[in-house]
Amino acid sequence: MSFSPVIVPRLTGPNSTHPPSMIIIVCRIAEKMSSKYSGDISSDLGNWLPLVSSFIAGMILSLLISDRLSTWKSSLESKIWTLAGQLGHRDGASAPPLESDNVHGDQQVITSTLSDDEDSSSYHSVDSNISEVSSLCEEDTPPVHSLDSNNSEECVDSHKQVYRYDVFLSFRGPDVRNTFVDHLFERLERRGIFTFKDNVRLKKGKRIKAELMDAIRDSRLAIVVFSSTYPTSTWCLDEMSTIADLHRQNKQIVVPVFYDVPSSDVGSQTGPYEVHFNSERFRKFSNRVARWKVDMKYLAKVCGFSIVDSNRPETTHLEEITSFVAKELNHRFTLLASDLIGIQPRVAELERRLNLTSGNVAFQILEIWGMSGIGKTVLAMILYDRISHQFDACCFIQGVNGIYTRHANACETATTNVQKQILRQLFQEQVESDDPAEIAKMLQNRLCNRNLPKRVLIVLDDVGDPKQWDDLGIVPDSLGLGSRVVITTRFQHILNVNTAYEIHEVQLLNDDEALELFQRKAFKIDCHSLAISDVSRRIIEYAQCLPSAIIKLGYYFNQKAEAHWERCFQRWREYPEEKYMNSLQEKDYEVLNEDEKMIFLDIACFFKGKNKKYVEHILGSRISDPHLAIQEIRKKSLIKIRNHEIHMHQILQDLGKKIVRGNNKDEPKCWSRLWNAEDFQEVLIDMEGNKVQAIVLDEDVSKYMKIGGLSELRDLRLLILHHHKSSSEKLTFRFNKLCYLSWHGFSYTSLSLCIWSNLAELNLPNSSIGRLWEGSQSILSSQAIPNLKRMNLRNSRDLVITPNFACCQGLVRLDLTGCINLTEVHDSIGLLRELNYLSLRECSSLSLLDFGPNCQLSSLRTLLLSGCTNLQQTPDFTELSNLRYLDLERCTSLSTMHESIGTLATLKYLSLRGCKNLVHAPYILNGNSSLLILDLSGCMMITNLPRCRRKFAPSSCLESLMFLSPVFLEPQRILDFVGELMFFDGEWICSKLAYLNLAHCHELRRFPEASFHGLHEMKGTLERYPQLSVIGQDYIFSASTV
């Protein structure tokens, strides 16, 4: 049973004599009764019918005698309002929109389209005749609070609600929007207090009035700015009434501000307030004015701030209000307002990640992850202040890793220290004992005690090791439903827990936020319109939007005259502030293991912005698993991997270079790494006592120095140079610790013996090398060069013969591309059982390739011989059991291929393109089921085609072939060739063939009869070759042409 809401406006129309508020109460009572209706009329009539009948009879009787007994009206109304309160009628959500005024009277905000009558009737005139009960409401007004009292104590139940905002601002727009309120809003936001201000938070497309009322209910605290024209806006008055209702119900804290109007004028509605309330426009709202007056008088008695004819600066009032609001909201942390740039959206994202409103998440850990100085702790503090009221108990343990560092030799002491803080903050319990076992047991007992606070928030700042969490002994199952743990850390996914776990990576500031923060620190003022100098932009670009770096640079340049900023900036770039860098070194560098430290310094000095695979390749000469080490450094927030490149923040790069320089800033010979050509030249001049271990110079150093001095760098482990200038100097390498040597344009004819003992990789492209080592007969033992894995001698035109490879049997990759005078490859190359890549491309003088009688090239996967124009025959492929890729393109002297090619069961790619003198086609039909690409383009001299041997089943012959290009074969042989390749005893063999290139086969007249279901493209279409007759069906031609 229910009442239709359309009854109410009909009964309360202009001609109705029934008190509208009574009608609403009757409806509410009936709805309450109907909610208990069981469905059995006979059993329910006796319960509620007598009560309703009696009540309605009393109502009718009161209406009949209302004209004569008007003195009863007030008493009856008060009784009805009391009954309505018991039924939940005034539940704090009854502040209806009543007029189409602009929001806060500001003409810039979109107004409602309802007329006055529509607006009033749509809310059923709930507040009509309220003037008769105003005295009753005044009697219920709570006592006035002094400034020392904390009216947030009235809101003891507020932690049960999840609020969207900390503060709602109610104000009259034209009076204070762009002055006092704007400044107040900015200060609140900077303190991390999330504030609703209509022109900032209102969402487009939403009903303005409804949005405002929702925002009021979703705010923990309301600031009502009473200005001289505040009562001229019914929107403001409606907001005020809703705020007063919530405050009466202990659901909201209220802070009134009397701006240029005495509190007495507000409370008693005198002065300008009396004028406004008695104006002609308010007569049509007479049924609501009484309520507004009561609520205004009520709020005027709540402690607040008066700003009337004050000699004190307005900024002082603003700071007092902001501090008072922070105290009322129980904000634990007082943060520097100028540091909180762009904080609100970031905290809102953290709240979303915590799933506080989700009933499906019983417990969750949120990891706030990011590099040092990015603002993790500040975010955690603001988040704590924002959400702590929603929990039964909260704790914030700051600097957990610092506690463990201070007690590095007594881990139990650090754990006990943290556990004591948790007990003190969560349960207000001071623990005198220092016994770790006793304290751990006490913490467990408190967390498991159902009589103590259960829904808890635990924030652990700067966790540096998963053991720091494990040792606390906090079991998620012992925490109450809805509990949350938040940790800040520099280590991605630091905890290994079997529970809901969210990771939030903190992002750098954007450019505008970085600029604003720098201006506040450098100029100590808000200067949005200040012209930005070129040096300021370069300073911000250098800081790369890292908050701590911007703050530090701002303070640094604040103490300097702006005219000197250019020189000061150059000085900072060379020698950053010692204290700041030392703190980063302690937090970020010292926690790395030895391999990670080496890689961090190498990236900082040499490899920032380089391809990750390239860096791993170089580092692999010195450590066993560079890939894993780089991943660990990334997880520790020291580098990022973007587009397969390694990126490091400029500040961290400067930190690395500072560590390398140590205490010898101006003595590069004492540094472990050299990355600047001028420093390198200085070292070559004065070699005494040098400690150089690595040199990487991307620029050509030919013009700077003589290279001969390199021989004295005996500790050198890594050398990468570009030096193309020929030299008559004799270079004798004495650095037997060298692991990686890359020298573009190496101008010497040989390398000394001593460099080979530890060398893992040799890159000498475009070199003048004639032989690889002197005294080769003395190092022919199999372990003479045990560590050499890769050798690159591309375009070394003076190389005529390779050495005996028996001394470097660990070689994995050999690249001799472009060695155009190479005539002989020593047959010991066949002994390289680890070799998987061999390139002899463009070795145009090579006529013979022999792998020797004891070939062991079972690991070889790629063999590149393209451009070997003098090669007359291929080697024996029998032992190349894992060969995947064979390129013989443009081997124009090649006439036959070794028949062992037919045994290459793993071969996927074979190119004979341009082998114009090849007479016999390769024996590829002998069971090769892996071949994907066969390119015979330009093989004009093929005269015979191999036959498939009967011992192989048809299904194993070229069944994987996807690409076939027999173009430039003589036209009369195309038909036989294709038929031989594709068919066996009339069966279709190449079932996966997707590309067939018949371009330039202009004389082809007839194609074999078959059904080509898999063929997706044939280069050269029917339109181009109309004479081609295709026998069969379902042939798919692409639209491509030659």
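Before going into details, it helps to say that this report is about the structure given with it.

Analysis parameters
- Position numbers for residues count from 1 along each chain, tracking the sequence in the order it is written.
- The predicted nature of this model means local features are confined to residues of pLDDT at least 70 and side-chain atom pairs, given and counted, to a pLDDT of 80 or more, with totals for whole chains, interfaces and linings taken over all residues.
- Derived side-chain values reflect all non-hydrogen atoms in the structure, with water molecules and hydrogen atoms excluded from consideration.
- Secondary structure elements follow DSSP: runs of H or I no shorter than four residues count as helices, runs of E no shorter than two count as strands, and numbering proceeds from the N terminus.
- Working definition: with a 1.4 Å probe on protein chains only, accessible area under 20% of the residue-type maximum means buried, over 50% means exposed, and in between means partly exposed.
- Throughout, a residue-residue contact means that at least one pair of heavy atoms, one from each residue, lies within 4.5 Å.
- Here the accessible surface of atoms and residues is derived via Shrake-Rupley with a 1.4 Å probe, and residues count as covered only by protein chains that are part of the display.
- Pairing between strands is defined by DSSP: at least two bridges between the two strands are required.
- Inter-axis angles, ranging from 0 to 180 degrees, are taken between N-to-C directions of lines fitted to C-alpha atoms, where helices are fitted over the stretch in contact.
- For this classification, under 35 degrees means roughly parallel, over 145 means roughly antiparallel, 65 to 115 means roughly perpendicular, and everything else is oblique.
- Handedness of a helix crossing follows the sense of rotation of the near helix relative to the far helix, less than a right angle counterclockwise being left-handed and clockwise being right-handed.
- Polar here means any residue outside two lists: the nonpolar Ala, Val, Leu, Ile, Met, Phe, Trp, Tyr, Cys and Pro, and the charged Asp, Glu, Lys and Arg; Gly therefore counts as polar.
- Centres within 6.5 Å are what make two rings of Phe, Tyr or Trp a pair, Trp counting through its six-membered ring; a difference in plane orientation under 30 degrees is then read as stacked, over 60 as edge-to-face, and the rest as tilted.
- Comment: the charge-over-ring label is applied if NZ (Lys) or CZ (Arg) is within 6 Å of the ring centre and within 35 degrees of the ring normal.

Comments concerning the overall build of the chain
Reasoning step 1: Each helix and strand counted, the chain has 31 helices and 31 strands in total.
Reasoning step 2: Residues classed as buried in the chain amount to 50% of the 1042 residues present.
Reasoning step 3: Across the chain, the fraction of contacts at a sequence separation of at least 24, relative to all contacts at a separation of at least 6, is 63%.
Reasoning step 4: A total accessible area of about 47,000 Å² is found for the chain, and carbon and sulfur atoms account for 49% of it.

Regarding the pairing of strand S7 (residues 393–397)
Reasoning step 1: The element S7 is largely enclosed, with a buried count of five among its five residues.
Reasoning step 2: Here S7 shows two buried faces, one formed by Ala 393, Cys 395 and Ile 397 and the other by Cys 394 and Phe 396.
Reasoning step 3: Bridge count for S7 against strand S8 (residues 456–460) is five bridges, and the pairing is parallel. Looking at the pairing, Ala 393 lines up with Val 456 of S8.

Side note on the sheet that holds strand S2 (residues 195–196)
Paired through their backbone hydrogen bonds, the strands of a sheet run either parallel or antiparallel.
Reasoning step 1: Strand order in the open sheet made by the five strands is S2-S1-S3-S4-S5, with parallel pairing throughout. Each edge of the sheet is formed by a strand with only one pairing partner; in this case those strands are S2 and strand S5 (305–307).
Reasoning step 2: Alignment of strand S1 (residues 165–170) against S2, held across two bridges, turns out to be parallel. When the sheet's bridge partners are listed, Phe 168 is paired in S2 with Phe 196.
Reasoning step 3: Those strands touched by helix H7 (residues 173–190) are S1, S2, strand S3 (219–226), strand S4 (253–259) and S5, and its axis lies near 155 degrees from that of S3.
Reasoning step 4: Those strands touched by helix H10 (residues 234–248) are S1, S3 and S4, and its axis lies near 135 degrees from that of S1.

Re the packing of helix H21 (residues 511–523) against helix H23 (residues 547–558)
Reasoning step 1: Interaxial distance between H21 and H23 falls to 7 Å at its minimum, and their mutual angle equals 30 degrees. Our classification of the angle between H21 and H23 gives roughly parallel. As H21 packs across H23, the resulting crossing turns out to be right-handed. Residue-level inspection shows Ala 514, Leu 517, Phe 518, Lys 521, Ala 522 and Phe 523 of H21 in contact with H23, the latter providing Pro 547, Ile 550, Ile 551, Leu 553, Gly 554, Tyr 555, Phe 557 and Asn 558.
Reasoning step 2: Here the contact of H21 with H23 is composed, by residue class, of eleven nonpolar, two polar and one charged.

Topic: the packing of aromatic side chains
Reasoning step 1: Inspection of the entire model under this criterion finds 26 aromatic pairs.
Reasoning step 2: Centroid distance Phe 333 to Tyr 384: 5.8 Å. Interplanar angle 70 degrees. Geometry classified as edge-to-face. Note that Phe 333 is positioned in the loop between helix H14 (314–328) and helix H15 (343–354) and Tyr 384 in helix H16 (residues 376–387), a separation of 51 residues in sequence.
Reasoning step 3: For Tyr 384, a relative accessible area of 7% translates into the label buried.
Reasoning step 4: Among the aromatic residues, ring-to-ring pairing joins Phe 518, Phe 523, Tyr 556, Phe 557, Trp 565 and Trp 572 into one connected group.
Reasoning step 5: Positioned above the aromatic ring of Phe 391 is the side chain of Arg 455, whose terminal nitrogen or guanidinium carbon lies 4.6 Å from the ring centre.
Reasoning step 6: The ring of Trp 671 has Arg 661 sitting right over it, with the charged end atom 5.5 Å from the ring centre.

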